[in-house]
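Structure assessment
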Amino acid sequence: MEDNEKNQRSFGRHIVQTSSDISFCAGCNACGIVCSLVHDGVVGPSYNRIFMEKGTQSMVTVIHTCQQCADHPCYEACARKDQAMCLDENGTVFINDDFCIGCKRCIKACVFDPPRINYVKSTDKTKRKAKKCDLCHTRLEGPACVQYCQVSCLKLS
């Protein structure tokens, strides 16, 4: 997708990285670890819902997460919409693991490159599921990545 087209998109509430004037991401991956622990009780790269891009020359780490697009292309593409890919009352798209069949349609529909939806690769077909940021919508304290960021570089938009 062209950058211009991305800039014209409308997004919902989502996780953002604070300005480098305020805080630098240390690249510790605490956000990804706590995210997968809170959601799945395990830690592994395919369980992350938050993605880090470490600059090779600049040494600056950039955080990428789901932007909760207002038109919800991942939700619209889901083969089991309203069962596997759902919308809550705030417009936050979330995945219900019990119904996700791992078809990857949501990943293909993501407008970002690379997509902001992860996929659990497993030899056990029942464990192949899509994973995306849901802003910890069932967690009273809000997103765990924001709460446990060691340098407070994450916040809600």
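Residues numbered from 1 in each chain as written. Predicted model: local features only at pLDDT ≥ 70, side-chain atom pairs only at ≥ 80, totals over all residues. Heavy atoms only, no water.

1. Looking at the nonpolar core
In this structure, Cys 74, Met 85, Cys 106, Ile 117 and Ala 130 are the most contacted members of the largest nonpolar core, which totals 13 residues. Of all the elements in the fold, those that place two or more residues in this core are helix H3 (73-77), strand S5 (93-95), helix H4 (105-109) and strand S6 (117-119). Discounting residues that sit within four places of it in the chain, Ala 130 has contacts with Ile 95, Asp 97, Cys 100, Cys 106, Ile 117, Asn 118 and Tyr 119. Ile 63, Cys 66, Leu 135 and Leu 154 belong to the second-largest nonpolar core, a separate cluster that totals twelve residues. (Core = buried A, V, L, I, M, F, W, Y, C linked by side-chain atoms within 4.5 Å. Buried < 20%, exposed > 50% of the residue type's maximum accessible area, 1.4 Å probe, protein only. Helix = DSSP H or I, 4+ residues; strand = E, 2+ residues; numbered from the N terminus. Contact = heavy atoms within 4.5 Å.)

2. Let's talk about the pairing of strand S3 (residues 61-65)
Regular strands have side chains that alternate between both faces of the sheet. When you tally the buried positions in S3, you get four out of five residues, the bulk of the element. In terms of strand pairing, strand S2 (residues 50-54) meets S3 through five bridges, oriented antiparallel. Looking across to S3, one finds that Phe 51 is bridged to His 64. A loop of six residues connects S2 with S3, the two strands running antiparallel in sequence, and Met 59 in this loop sits at a positive phi of about 65°. (Pairing = 2+ DSSP bridges.)

3. Side note on helix H2 (residues 30-40)
Along H2, the residues classified as buried are Ala 30, Cys 31, Gly 32, Val 34, Cys 35 and Ser 36. Those residues of H2 that are buried are in contact with S2, S3, helix H5 (144-148) and strand S8 (154-156). After H2 finishes, the residue Gly 41 shows a positive phi value of roughly 75°.

4. As for the pattern of salt bridges
Oppositely charged side chains are able to pair whenever their charged atoms sit close together. A complete count under the given rule lists six salt bridges for this structure. Of the charged contacts in the structure, one is a salt bridge between Asp 40 and Arg 49, with a shortest N-O distance of 3.0 Å. Accessibility expressed as a relative area gives 5% for Arg 49, which makes it buried. The partner of Lys 81 in a salt bridge is Glu 76, with the nearest N and O atoms 3.0 Å apart. Owing to a relative accessible area of 33%, Lys 81 belongs among the partly exposed residues under this scheme. (Salt bridge = Lys/Arg side-chain N within 4 Å of Asp/Glu carboxyl O.)

As far as function goes, none of this settles anything; it's purely spatial.
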